[in-house]
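Listed below are the residues making up each chain.
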Amino acid sequence: MKFQDMQYIRISQEELEKGFEDLIRRQKEAKSGQEQFEIHREYYRFYGHIETMFVLCSIRHSVDTTDEFYEKENDYCDELAPILEKYNTLYGETLYDSPYRAELEKKIGAVAFKNIELRRRAFDEKLIPLMQEENQLSTRYDKLIATAKIPFEGEIYNLSLMRKFTVSPDREVRKAAQKAISDWFLSVTEEIDEIYDRMVKNRTEQARILGFENYIPLGYLRMQRNSYGREEVENFRRQVKESFVPFVGEIQEKRRQRLGLEHLYGYDNGVFFPEGNPEPKGTPEEILAGGQAMYHELSPETAEFFDFMMENELFDVLGRKTKEAGGYMTYLYDYQSPFIFANFNGTSSDIDVITHECGHAFQGYLTRTDEIREHADLTMETAEIHSMSMEYFTYGWMKRFFGEDADRYLTMHLEDSIIFIPYGCMVDEFQHLVYAKPEMTPAQRKETWKKLEETYRPWLDYGDDPFFSNGGYWQRQGHIFDSPFYYIDYVLASVSAMQYKLWMDRDYRDAWEHYLKLCRFSAGDYYGGILKEGGIRSPFQDGCIEAVTEGLRAIAR
């Protein structure tokens, strides 16, 4: 079904509660594991329909944040989401405590029961008002960012549409663009500080109600970290500091020389070539058509997937002034349909959408007929492997989008991916420090970020910029507000994707087959088992980061 024909119908609280209460009652009365599984199949359809309505509302709100109907519906869903979490947790408990659990585990897997346990530990009905407030704060931040009005060169732009100026080959243009962005953030920084301060205190209170000292353990539970914890993440960040930070320093020096600059400043951060970054050729429609041709050549599976996306109009990628910033892939259960949201802006990031978000969507499409819904309950450090690896697997088709600039794009993409690793770790460590000391003032949080930049990005110099030089950059990183502790998952997945990159350089077809295996396996095991199925090492394993660094150093010279 085409996206425009998918009908949004508000789910009432009464409908939600009655449906779950009926399922829970019948599960408790069931006389066998098989009977429970048949009821569980009904749960899949019931919960999937509710989720579909939530997702439809979210998409239609994000494509136009000024649409009054969907703004109100989004607010309603923010209020209802904790109620859904309550009943979903109660339902899961009936399975977890079932006398037929062993039989159910054979059907839906042991990982599903571990995840139920985590949800159970992360929820109490007392949290509902705080969770509702948390959602409201998140929506408030998202809308503030989405509706930014930045005057530049006689026009008004939002943050997404400013991107093309921040990567201009004209240094004065990008310097002016950064100042315009900085000025806008300065005008709203106190409001963002207030939103985040309330978020931190809200989340800390939720954690303390559950008996935790601070939000960090609750954040890990909510990120469904079912097979590793803070110690492994800290060890991973340590290895990144030892191996990747010096390596990125080499990449930055090479970039400085290539640009012919005496010194790199913050406004040079997104530029890789003196003549400017390579830009995709053609209109958005031509880019999508190019993506369709590429995926037809890549494999039968990707051809079928992309045709489905195009036929059902499951892309909304044109940048608009009232559109939410960023990009994402989501899934509509009722229609077994992935959906991709993005903001094309005429830069190479448009192609990243056709690779990164399509990696997510491809995996969702591959597994859409899997009856066991728990297999789709991916933790994000796994889900991001699908997307980041697809960026590398499509390298061979970049001439289709960049013409004679394809080699420059590949150089830029690889270097940018390498540069990202320390930044992603910095975002994660920042959040650990903030939630360990929720009493920090807004000024102290900015000072904390500034010190972390000295550790993770010592080459970065913002000059006299009054916002960025004083530790304000984190305020534009939406994950910090909307999805605490998510960002390290991008880094873990990047390291896994880089392993596929090194592998495909040796044997493309073998690497692709293992990637397909990983995608199809979905969440069929814990993180370590999933990586093993895909033929790659765990980023937590000592020596993995060093090995990946050395492999990339050999090809990034």
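Below you will find a few notes about this structure. Predicted model, so just to flag it, every value in this text is computed and none were measured. (Residues numbered from 1 in each chain as written. Predicted model: local features only at pLDDT ≥ 70, side-chain atom pairs only at ≥ 80, totals over all residues. Heavy atoms only, no water.)

With respect to the packing of aromatic side chains
Definition in use: Ring pairs are drawn from Phe, Tyr and Trp, using the six-membered ring of Trp, whenever the two centres fall within 6.5 Å, and their geometry is named by plane angle: stacked under 30 degrees, edge-to-face over 60, tilted for the rest. We count a stretch as a helix when DSSP gives it H or I for four or more residues in a row; a strand needs E for two or more, and each element gets its number in order from the N terminus. Think of it in three bands: with a 1.4 Å probe and only protein chains considered, a residue is buried below 20% of the maximum accessible area for its type, exposed above 50%, and partly exposed in between. Two conditions define a charge sitting above a ring: the NZ of Lys or the CZ of Arg must be within 6 Å of the ring centre, and it must be within 35 degrees of the ring normal.
Evaluated as defined, the whole model comprises 58 aromatic pairs. Taking 4.8 Å as the distance between ring centres and 50° as the angle between the ring planes, the aromatic pair formed by F152 and F165 counts as tilted. You can see F152 sitting in strand β1 (residues 150-152) and its partner F165 sitting in helix α7 (residues 159-166), a full 13 residues away along the chain. F152 sits in the buried class, given a relative accessible area of 7%. Owing to a relative accessible area of 11%, F165 belongs among the buried residues under this scheme. Ring geometry for Y328 against F341: centres 4.6 Å apart, planes inclined by 10°, an arrangement best described as stacked. Taken together, the positions of Y328 in strand β4 (residues 328-332) and F341 in strand β5 (residues 337-344) put the pair 13 residues apart, joining distant regions of the chain. Under the relative-accessibility criterion, Y328 is labelled buried at 19%. K323 extends its terminal NZ or CZ atom over the ring of F341, reaching a point 4.8 Å from the ring centre.

Digging into the pattern of salt bridges
Note the following rule: The rule for a salt bridge is simple: a side-chain nitrogen of Lys or Arg has to be within 4 Å of a carboxyl oxygen of Asp or Glu.
One pass over the structure, following the stated rule, counts 51 salt bridges. Across the pair R26 and E42 runs a salt bridge, and its minimum N-O distance is 2.7 Å. In this pair, R26 is assigned in helix α1 (residues 13-29) and E42 in helix α2 (residues 33-63), connecting sequence segments 16 residues apart. With a relative accessible area of 23%, R26 lands in the partly exposed category.

Structural notes on helix α16 (residues 406-436)
Because the α-helix completes a turn every 3.6 residues, residues three or four places apart line up on one side. The condition is simple: Here, expected helix span is obtained from the residue count minus one, scaled by 1.5 Å. Take the seven residues that end at a residue and the seven that start at it, fit an axis to each, and the angle between those axes is the bend at that residue.
Between its terminal C-alpha atoms α16 stretches 45 Å, which fits the 45 Å expected from 31 residues at 1.5 Å a residue. At I421, α16 shows its maximal kink, close to 30°; a proline, P422, follows between one and four residues later. Among the 31 residues that make up α16, 25 are buried, leaving the element largely enclosed by the rest of the structure.

Some thoughts on the side chain of N158
As a reminder, the rule being used: For this analysis, a polar contact is any N or O atom pair within 3.5 Å, provided that within protein one partner can donate a hydrogen and the other can accept it, and provided that sequence-adjacent residues contribute only side-chain to side-chain pairs. Here, residues are in contact when the closest pair of their heavy atoms is within 4.5 Å.
Among the secondary structure elements, N158 is positioned in the loop between β2 (155-157) and α7. For N158, a relative accessible area of 3% puts it in the buried group. A distance of 3.2 Å separates a polar atom in the side chain of N158 from the backbone nitrogen of S160. When near neighbours in sequence (up to four residues on either side) are disregarded, N158 contacts A146, A148, I150, R320, K321 and K323.

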